[in-house]
Amino acid sequence: MKLNRRNFIQKASASAVGAGVFSILPSEIWNSPVAPSDKIRIGLIGCKSQGFWDLKCHLNYDDAVCVALCDVDSSVLNERAAEIKKTYNQNPLLYKDFRKMLEQKDLDAVIIGTPDHWHCLQLVYACQAGKDVYVEKPMANTIAECNVMVKAANYYNRIVQVGQQQRSGFVFQESMKMIKDGTIGKLRKVNVWGNFNYGTGSDPVADGPVPAGVDYDMWLGPAPSRPFNMNRFHGSWRHFWDYGGGLMSDWGVHLLDMGLWAKDLVQAPSQVLTYAANSSTEKKVRDTFDTMTVVYPKKDYVINWDMTAGVQQGPYEKLYGLAFIGENATIVTDRNSYRVFPEWDGEKKTGKTEAKSYNEGKESHPQHARNFLDCIKSRNTPACPPETGRVAALHAHIPNISARIGEPILLWDDANSRFTNSEKANALIKPEYRAPWTFPNI
Ligand SMILES: NC(=O)c1ccc[n+]([C@@H]2O[C@H](COP(=O)([O-])OP(=O)(O)OC[C@H]3O[C@@H](n4cnc5c(N)ncnc54)[C@H](O)[C@@H]3O)[C@@H](O)[C@H]2O)c1
């Protein structure tokens, strides 16, 4: 048999994964393209909400097919399998344990749509098993996990797309063009804001029994053991440090990523000034903060993040958005629109640039999925590689750490992966995994 990427990986990963030990495969075979005529065979881990939308965005292209679904909640798994059958007439194999799914021979790529505390282990295992990965944002729930995920993607030579889909969206691509071609003059500041009701958390409920069909131990995975509570489960887990980072990481990662892209910065923040509080009077439960203001000084501009959870208003009548403030104009964007507000030239009695606006932006997940499929075939770098995902995630994790320890200024040494001014902060870089899960070592 002629050895190509597909049959080599199938042979090698079947034996390696089955034994519970992952061997290193030659990168030239791992990294050879999938033939353009091949369909990309996709599996999804975490099927309830965002992961399933991501999957559909892939399956709406003719060259993608779903061969596996995995979820720890049987009712989610069965409902999603029925939907795939009805909409696409496809019959994926079903799993409750992602490690079993990764043994499946005819699986090229996985989408990871689980809560943030699972992203790292699932990505590392998937890379080790020779799969390409689309991992939802934030790339992981801690700094150390983000670091090891970048290493894993590179070490195993996998295509990894992080789910910061705005990088593939028309509105932000156009905004970036205008910033980089000089339309707005020197970019001096990027104001970023995200105000959403849901960021205050959920109404309190008592601990209760684990719902039928749910493998709760596998939902918790590496996170600390605790009694089941509906508020910490589907969807609302994002308000608890064990699994997520609140609105700061949920929306902050997406929007701050745009502030970084404006200057093509792929650098962790070296210093961060954070104000955080719980100032809403609503009786909701959460660990995370409802109010945060963060300043990220950069070499020749500054990024500001402003978040007031529980409020559905914001600057320029947008509850979330960005203002790219240049010398000649400000561009204000959200996911569907941009508007250029020129500065006035008093001498020439005209705007310093043309005023223009666009309001017909569409969802960018389909384009981000297309980019991932294309990169699986070409082995080119995708629109949001893990290095970019890591840097965006650190822009959320560092202020969250600052808020948790009550130290407003943190100085970060990225080369040595440590804070230079706080041992308390250093203690929150790496999570302690609950046995039998162990932190990956690449
Ligand atoms: N890119 C975006 O615009 C966007 C939007 C929303 C959410 N997200 C991200 O998507 C991810 C999922 O968020 P969500 O809102 O869909 O969460 P969710 O709670 O609605 O769904 C998560 C699913 O993962 C399953 N799951 C948990 N542990 C699992 C395991 N070990 N193996 C298999 N399945 C497991 C759960 O049972 C659930 O079905 C998060 O990282 C979130 O930040 C991204």
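Above this text is the structure in question.
Described below are features of the structure shown in this document. Quick caveat: nothing in here was measured; it's all calculated off a predicted structure.

## Quick word on helix 8 (residues 170-180)
In an α-helix, one turn spans 3.6 residues, which is why side chains three or four residues apart end up on the same side.
Consideration 1: Listed in full, the buried residues belonging to helix 8 are V171, F172, E174, S175, M176, M178 and I179.
Consideration 2: On its buried face, helix 8 sits against strand 7 (187-194), helix 11 (252-261), strand 11 (320-326), strand 12 (329-333), strand 13 (338-342) and strand 16 (356-358).
Consideration 3: Two residues or fewer after helix 8 comes G182, characterised by a positive phi angle close to 90°.

## Quick word on the sheet that holds strand 10 (residues 302-308)
Note: strands within a sheet are paired through backbone hydrogen bonds, in either parallel or antiparallel orientation.
Consideration 1: The 10 strands lie next to each other as 16-13-12-11-7-10-9-8-17-18, forming an open sheet whose pairing is mixed. Of all the strands in the sheet, just strand 16 and strand 18 (418-419) have a single pairing partner and so form its edges.
Consideration 2: When strand 7 meets strand 10, the two strands line up parallel, connected through five bridges. Paired with V192 across the strands is W305, a residue of strand 10.
Consideration 3: This element, helix 8, spans strand 7, strand 11, strand 12, strand 13 and strand 16 of the sheet and lies at about 170° to strand 12.

## Considerations on the site of the ligand
Consideration 1: Taken together, 31 residues lie near the ligand, and S49, D71, D116, K137 and W237 sit nearest.
Consideration 2: Here an oxygen atom of the ligand and a side-chain polar atom of S49 are 2.7 Å apart.
Consideration 3: Within the contact set of the ligand, a nitrogen atom lies 3.1 Å away from a side-chain nitrogen or oxygen of W118.
Consideration 4: Contact with the protein chains covers 94% of the free accessible surface of the ligand, which is 850 Å².

## Here we look at the packing of aromatic side chains
Consideration 1: Summed over the entire model, instances satisfying the criterion amount to 22 aromatic pairs.
Consideration 2: Judged by centre distance (6.2 Å) and plane angle (20°), the rings of F98 and W437 are stacked. Here W437 lies in the segment after helix 14 (423-426) and F98 lies in helix 5 (residues 98-101), a separation of 339 residues in the sequence. Of the two residues examined, F98 and W437, each falls in the buried class.
Consideration 3: Aromatic side chains F170 and Y358 sit 5.0 Å apart centroid to centroid with 55° between the ring planes, which places their arrangement in the tilted category. In this pair, F170 sits in helix 8 while Y358 sits in strand 16, placing the two residues 188 residues apart along the sequence.

Criteria and cut-off values
Residues numbered from 1 in each chain as written. Predicted model: local features only at pLDDT ≥ 70, side-chain atom pairs only at ≥ 80, totals over all residues. Heavy atoms only, no water. Buried < 20%, exposed > 50% of the residue type's maximum accessible area, 1.4 Å probe, protein only. Helix = DSSP H or I, 4+ residues; strand = E, 2+ residues; numbered from the N terminus. Contact = heavy atoms within 4.5 Å. Pairing = 2+ DSSP bridges. Axes fitted to C-alpha atoms, helices over the stretch in contact; angles between N-to-C directions. Near = heavy atom within 4 Å. Polar contact = N/O pair within 3.5 Å; in protein donor to acceptor, adjacent residues only side chain to side chain. Areas by Shrake-Rupley, 256 points an atom, 1.4 Å probe, with all protein chains shown as cover. Phe/Tyr/Trp six-rings, centres within 6.5 Å; stacked < 30°, edge-to-face > 60°.

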